[in-house]
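As a plain string of letters, each chain reads:
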Amino acid sequence: MKMTKLLMAIAIAGTISLVSCSPKDADVKTAVETQLKAKPDMAGAMVDVKDGVATLTGECKDESCKAECEKITQDVKGVKSVINNLAIMAPPPPPPPPPASMNTMLDEATQQKVKDGLKDINGVTVEFVEDKAVLTGEVTNANRMKIMQMLSAAKVKSDVSKLTDKK
Amino acid sequence: MAVQEKYAELIQSATTLGVANLAVAEKDGVLHVSGTAKSTADYDALWALYDKIDPSMASGDLMMNIDIKADAGAQLKVTTDSTNLNIRSTPTTEGEIVGKAAHGELVTLVEKTDDSWWKIKTADGEEGYAYAQYLSPL
């Protein structure tokens with residue numbers, strides 16, 4: 001009799017597991033998730049499985065990522081079909097340019113004056129550090145004086161240590 | 001007072017040349033000298049002296065903000081190297097070019113907008129802003 005009871009218990013348990021699909025769907029879901037989470041690009045994808053149909057939602061960075069997600073899901077054992085509702089992420093906004101005033105206390109208008117003044121002097125570049133215009137390049141003596149006069153007019157201190165004399 | 005001593009000859013010269021509103025002040029190791037020179041020749045002489053005292057003007061310890069006396073209506077000579085001087089609609093190089101003044105041409109000062117840009121008028125009646133660096137009062 002003990003044997004019979006045991007067999008019956010096994011049979012009942014077997015029937016329950018056959019009838020109910022949910023535990024199996026849950027296993028499939030876990031399997032798909034494991035696969036998707038393994039790829040950093042696909043970390044934004046979510047999956048839901050119902051009766052063997054996997055529905056993908058969430059975000060992917062591009063079309064190829066979206067297709068790849070679908071393929072990976074399709075290949076998981078127990079997935080009958082895939083509904084791919086993945087959205088393509090908007091491209092990340094370009095990083096904002098560092099403000100021109102980051103390294104300098106000189107305002108835009110002042111910087112522009114200096115740049116305007118250097119426009120006609122070839123071979124000299126300027127960057128602004130703290131309260132100074134740091135000039136780099138090769139100049140004639142006449143141009144060196146022009147630069148200094150222009151900086152004085154714009155009321156900007158100078159750093160000409162990187163300005164060399166043209167031979 | 002070290003900086004002031006270094007440029008003592010320059011300040012003496014500015015006084016002798018009769019630079020108007022001459023102001024000399026030392027701040028954070030930088031000597032600020034400002035005033036209005038009587039002529040372009042005086043202005044050039046002071047800058048030459050600066051270059052002599054501080055070879056290549058490399059120390060960055062002098063801010064010589066000297067302009068040249070020029071009132072509205074004064075004649076200015078275009079002192080570009082050889083090219084035309086652009087006359088623009090606004091006092092920046094972003095401004096639209098509304099005219100050109102040739103190298104050596106004489107133009108009339110309308111107003112000193114700031115130390116870098118002046119409003120000028122050509123003999124042809126073109127009016128706009130030009131970079132003051134290339135304009136020398138006569």
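Peer 1: What should I look at first to understand the overall build of chain A in this one?
Peer 2: Helix and strand counts for chain A stand at 5 helices and 7 strands. Secondary structure elements in chain A, listed N-terminal to C-terminal, are α-α-β-β-α-β-β-α-β-β-α-β. Residues classed as buried in chain A amount to 28% of the 167 residues present. Taking contacts inside chain A between residues at least 6 apart in sequence as the whole, the part at least 24 apart equals 54%.

Peer 1: Before we go on, may I ask you to explain the sheet that holds strand 6 (residues 132-139) of chain A in this structure?
Peer 2: Pairing between the strands of a sheet comes from backbone hydrogen bonds, and it takes one of two forms, parallel or antiparallel. Residue and element names in this part refer to chain A. The 3 strands are arranged 5-6-7 in an open sheet whose pairing can be described as mixed. Each edge of the open sheet is held by one strand with a lone partner, namely strand 5 (124-129) and strand 7 (157-165). Along the sheet, successive strands turn relative to each other by an average axial angle of 15°, direction set aside. When strand 5 meets strand 6, the two strands line up antiparallel, connected through 6 bridges. The partner of V124 across the bridge, within strand 6, is G137. Across the face of the sheet, helix 4 (residues 108-118) comes into contact with strand 5 and strand 6 while running at roughly 170° to strand 5. Packing against the sheet, helix 5 (residues 141-153) makes contact with strand 5, strand 6 and strand 7, and its axis sits at approximately 165° to strand 6.

Peer 1: Would you mind going over the pairing of strand 3 (residues 81-84) of chain A with me for this structure?
Peer 2: The two faces of the sheet receive side chains in turn, since in a regular strand these alternate between them. Residues and elements named next belong to chain A. As paired strands, strand 2 (residues 53-60) and strand 3 are joined by 4 bridges and run parallel to one another. Its bridge partner being in strand 3, L56 is matched across the sheet by N84. Assessed by its sense of winding, the connection that carries the chain from strand 2 through helix 3 (residues 63-75) to strand 3 is right-handed.

Peer 1: How do you make sense of unusual backbone geometry when you look at a structure like this?
Peer 2: The backbone of D51(A) shows a phi angle near 50°, a positive value even though the residue is not glycine. Tracing the sequence through the fold places D51(A) in the loop between strand 1 (45-50) and strand 2. Residue classification places D51(A) among the exposed positions, given that 10 C-beta atoms sit within 10 Å. Phi at S56(B) is positive, roughly 60°, even though this residue is not glycine.

Peer 1: Teacher, can you tell me more about the packing of helix 2 (residues 8-16) of chain B against helix 3 (residues 40-53) of chain B here?
Peer 2: The geometry of a pair of packed helices is captured by two quantities: the angle between their axes and the separation between those axes. All names here are of chain B. As a packed pair, helix 2 and helix 3 sit with axes 9 Å apart at the nearest point and diverge in direction by 170°. When the interaxial angle is binned, helix 2 and helix 3 end up roughly antiparallel. Of helix 3, the residues touching helix 2 (which contributes E9, L10, S13 and A14) are L46, L49, Y50 and I53.

Peer 1: I would appreciate a short explanation of the pairing of strand 9 (residues 127-131) of chain B in the present structure.
Peer 2: Residues and elements named next belong to chain B. Taking burial as the measure, the 5 residues of strand 9 include 4 buried ones, the bulk of the element. Pairing geometry for strand 8 (residues 117-121) and strand 9, over 5 bridges, is antiparallel. Counted as the bridge partner of K119 is Y129 from strand 9. Where strand 8 folds back on strand 9, the antiparallel hairpin that results is connected by 5 residues, among which G125 adopts a positive phi of roughly 90°.

Rules used throughout
Residues numbered from 1 in each chain as written. Chains lettered and ligands numbered in written order. Predicted model: local features only at pLDDT ≥ 70, side-chain atom pairs only at ≥ 80, totals over all residues. Helix = DSSP H or I, 4+ residues; strand = E, 2+ residues; numbered from the N terminus. Buried ≥ 20, exposed ≤ 12 C-beta atoms within 10 Å, placed from the backbone. Contact = placed C-beta atoms within 7 Å. Pairing = 2+ DSSP bridges. Axes fitted to C-alpha atoms, helices over the stretch in contact; angles between N-to-C directions. Right-handed = clockwise from strand over helix to strand, strands pointing away. Parallel < 35°, antiparallel > 145°, perpendicular 65-115°, else oblique.

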